[in-house]
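Given next are the chains, with one letter for each unit.
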Amino acid sequence: MRKRKDNPKVREQYRKWVYPKPVKDLDEWRKAGNFQLADPGRDFNLFWPDRDKRPLDILVAGCGTSQGAGQAYFNRDCQVTAIDISETSLRCTRDLKDRHGLTNLEILELSLFDVGALNRKFDFIVSTGVLHHLPDPVAGGQALADVLAPDGVMHLMLYGSTLRAGVYMLQEAFRAAGITQSDADVALTRQMCQHLPRHHAIQPFIAQSGDWKHDAGLVDIVLHPQDRAYSVPEIFGFADDIGLKFRGWLDRGAYAAASFLLPNFPGYERLIALPATEQATFIDNFFQMHKVHRFNLCHRSATGYEISFEADGWQHYTPFKIIGLRPEPPGAAAQRPNVWKRDRFTIALGPFDQALMEAIDGKRTVAQCIEQASAKSKHMPDDPVDVAHAFMSAMWERGHLYFRKG
Ligand SMILES: C[S@@+](CC[C@H](N)C(=O)[O-])C[C@H]1O[C@@H](n2cnc3c(N)ncnc32)[C@H](O)[C@@H]1O
């Protein structure tokens, strides 16, 4: 029997320790170069490659301080419902609603277990950093799956297990020492952490964590009363347990062997030939770099969204650059021509690839990009279609481009 309830200590924590750090003004936040990672309005065809863009009903389950308002702010033509069990988080969300006049945002103090009572279905459900804090995450996932529209997409973020091993050691250490979430104990925790040995398993996590520096973040990491983390196979198992289908990682490149390994890597050919699921498991365990897993799910009956470069028709796809992909900025130590950056990736392109990349504008199909690149490039290859096939499929595999079908 599944447990459809919260741990009351979790509610207490998010009331007292305001987390994540609230965004005060979304205009300022945007101008500072921030963006939502999963934004179904901006990247509609990333989530629905086979559909025309349309206004969506969005549910933000466990919206925290700013995420519900963010979805409403960036997607004014969508109806956004933001739910949470923390009054403090909802107050921050209400402040942003008032500040930015977000008439498309409904804010409800509601547990995600009770979302069925709204009697609605949602096209896009986003729940990041929430389900792993439930006593029974699968029960929470099932409650959300029940309100997902037939062709809806659910975007989840769950903690990754490889980089968090040291977090659980510290949680256990502080529990054993009787450390609470009182102000005095949080200050004491911070002092203690200054004496962590350099070889402690949490060090690589701290190196990647901005949250570590502020108290609510520290509480969320090492004094949390309820959390668990997932390996890659456990993510696939989770999707299955809640009755949905794994549709893909938000950033497929972050799990692809081709993104990280050069051809001189031992066993390269073997690793590159593995199915995507095994490549993801290898990358996650070998490099230990995923603090969290971000992925999309859909109903098992959903079809038509698959992108393939094997079948005919890929030249009719329309390519889009993923957010964050940009030419290497001027002023970089040695600015190189035809070099692009995204996140941790550096992408060096051949001259015709560069012309293809420049032709991508979210309107031209692949075939039109080939025409445009052929007209512009001084380096015309003998086989432009083959070069474009290799380029488009490699950029897709590495998550730098996504495609609209048809
Ligand atoms: C780590 S925060 C993440 C907030 C937000 N999703 C984000 O990514 O910024 C977790 C949030 O989940 C909320 N939460 C926990 N259990 C919940 C439940 N059963 N229903 C709704 N919200 C819940 C907490 O109150 C807290 O605001």
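Quick caveat: nothing in here was measured; it's all calculated off a predicted structure. (Residues numbered from 1 in each chain as written. Predicted model: local features only at pLDDT ≥ 70, side-chain atom pairs only at ≥ 80, totals over all residues.)

What follows covers the domain arrangement of the protein. The parts lose accessible area when they come together, and the size of an interface is often stated as this lost area. Each assigned domain of the protein is listed with its residue range as follows: domain 1 (8-162 + 229-299), domain 2 (165-222) and domain 3 (314-404). Taking only C-alpha atoms, the centre of domain 1 and the centre of domain 2 are 25 Å apart. Tallied by class, the residues present in the side of domain 1 that touches domain 2 amount to three nonpolar, three polar and three charged. (Domains from an automatic or database assignment. Nonpolar A, V, L, I, M, F, W, Y, C, P; charged D, E, K, R; others polar.)

Along the chain, Arg398 turns up in the loop between helix H17 (384-397) and strand S12 (401-404). Judged by local crowding, Arg398 falls into the buried class, with 20 C-beta atoms found within 10 Å. As for Arg398 and Ala254, which are separated by 144 residues in sequence, their C-alpha atoms are 7.3 Å apart. The residues contacting Arg398, other than those within four sequence positions of it, are Gly253, Ala256, Ala258, Ser259 and Phe345. (Helix = DSSP H or I, 4+ residues; strand = E, 2+ residues; numbered from the N terminus. Buried ≥ 20, exposed ≤ 12 C-beta atoms within 10 Å, placed from the backbone. Contact = placed C-beta atoms within 7 Å.)

The biggest cluster of nonpolar side chains holds 82 residues, and the ones touching the most others in it are Ala61, Ile125, Leu144 and Leu356. When residues of this core are assigned to domains, at least three map to each of domain 1 (8-162 + 229-299) and domain 3 (314-404). Residues contacting Leu144, with those up to four places away along its chain left out, are Ala61, Leu112, Val115, Ile125, Ser127 and Met154. Core analysis: the second largest hydrophobic core is formed by 13 residues, Leu163, Val167, Leu170 and Val222 among them. (Core = buried A, V, L, I, M, F, W, Y, C linked by C-beta atoms within 7 Å.)

Around the ligand, a shell composed of 22 residues is seen, among which Tyr14, Gly62, Gly64, Ser86 and Gly129 lie nearest. If you list the elements that add at least two residues to the shell around the ligand, you get helix H1 (8-16) and strand S2 (79-84). Per-class residue counts for the shell around the ligand are 11 nonpolar, nine polar and two charged. (Near = placed C-beta within 6 Å.)

Here seven strands make up an open sheet; going across it, the order is S3-S2-S1-S4-S5-S7-S6 and the pairing mixed. Edge positions in the sheet fall to strand S3 (105-109) and strand S6 (244-249), since each has one partner strand and no second. Pairs of neighbouring strands in the sheet enclose a mean axial angle of 20 degrees, with direction left out of account. Both strand S5 (residues 148-159) and strand S7 (residues 292-299) contribute to a ladder of six bridges, which runs antiparallel. Paired with Met154 across the bridge in S7 is Leu297. This element, helix H5 (residues 87-100), spans S2 and S3 of the sheet and lies at about 165 degrees to S3. Here helix H6 (residues 137-145) sits on the sheet in contact with strand S1 (57-61), strand S4 (122-128), S5 and S6, set at roughly 150 degrees to S5. (Pairing = 2+ DSSP bridges. Axes fitted to C-alpha atoms, helices over the stretch in contact; angles between N-to-C directions.)

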